[in-house]
Amino acid sequence: VQLQASGGGLVQAGGSLRLSCAASGRTLSRYNMGWFRQVPGEAREFVAYISYNGGSTYYAGSVKGRFTISRDNAKNTVYLQMNSLKPEDTAVYSCAASGDSNLAAGRITSTYDYWGQGTQVTVSS
């Protein structure tokens, strides 16, 4: 499956962005999905996870209550709604697909089979 993230940009602190992750090649409904972010020189960081049918979600503590992950399997797309953005949210955001049924493994990068190219999010203070 090929994944393409989009929707990033420059926003002021307190603002909002919605990222999209569109899939091609295979239906996304078979996969659990995650969003991760990475700052240059640092390790990739887990942001949010959603199960294949949308029934389970969880978030990194740093974004919980501000970000919402969702999916539309009919459109083969996963979303990340980001509200109340902070400068420390600045990073390249990437989506990933996992066929692993272990719900608890969604925070782990090695769980994921497919990765999309990232989209840059920059939050100015």
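Cut-off values and rules
- Residues numbered from 1 in each chain as written.
- Predicted model: local features only at pLDDT ≥ 70, side-chain atom pairs only at ≥ 80, totals over all residues.
- Heavy atoms only, no water.
- Helix = DSSP H or I, 4+ residues; strand = E, 2+ residues; numbered from the N terminus.
- Rg over C-alpha atoms; globule rule 2.2 N^0.38 Å.
- Buried < 20%, exposed > 50% of the residue type's maximum accessible area, 1.4 Å probe, protein only.
- Contact = heavy atoms within 4.5 Å.
- Areas by Shrake-Rupley, 256 points an atom, 1.4 Å probe, with all protein chains shown as cover.
- Lys, Arg positive; Asp, Glu negative; His and termini not counted.
- Charge placed at Lys NZ, Arg CZ, Asp CG, Glu CD.
- Disulfide = S-S within 2.5 Å.

J.: For this particular structure, what's the right way to read the overall build of the protein chain?
T.: Looking only at helices and strands, the protein chain features zero helices and eleven strands. Taken from the N to the C terminus, the helices and strands of the protein chain come in the order β-β-β-β-β-β-β-β-β-β-β. Taken against the 2.2 N^0.38 rule, which gives 14 Å for 125 residues, the C-alpha radius of gyration of the protein chain at 13 Å falls within 12% of a compact globule. Its C-alpha atoms give the protein chain principal-axis dimensions of roughly 40 × 25 × 25 Å. Within the span of the protein chain, comprising 125 residues, buried residues form 44% of the whole. Residue pairs in contact within the protein chain that sit at least 24 positions apart in sequence constitute 57% of those at least 6 positions apart. Total accessible area on the protein chain stands at roughly 6,100 Å², and carbon and sulfur atoms take up 45% of it. Each charge class in the protein chain can be summarised by its mean position, and for the 11 positive and 7 negative side chains these summaries are 6 Å apart.

J.: Can you help me understand the environment of valine 39 in this one?
T.: Among the structural elements, valine 39 can be located in the loop between β4 (32-38) and β5 (45-50). The class of valine 39 is partly exposed, set by a relative accessible area of 30%. It is 22 Å that separates the C-alpha atoms of valine 39 and alanine 105, two residues lying 66 residues apart in sequence. Apart from residues no more than four positions distant in its own chain, valine 39 is found in contact with Thr90 and Ala91.

J.: Would you mind going over the state of the cysteines with me for this structure?
T.: In total, this model carries one disulfide according to the counting rule given. Through a disulfide, cysteine 21 is tied to cysteine 95; the S-S separation comes to 2.1 Å. Judged by the sign of its S-S torsion, about 70°, the cystine formed by cysteine 21 and cysteine 95 is right-handed. Taken together, the positions of cysteine 21 in strand β3 (residues 17-24) and cysteine 95 in strand β9 (residues 91-98) put the pair 74 residues apart, joining distant regions of the chain.

Function cannot be read off these values alone, since they describe shape.
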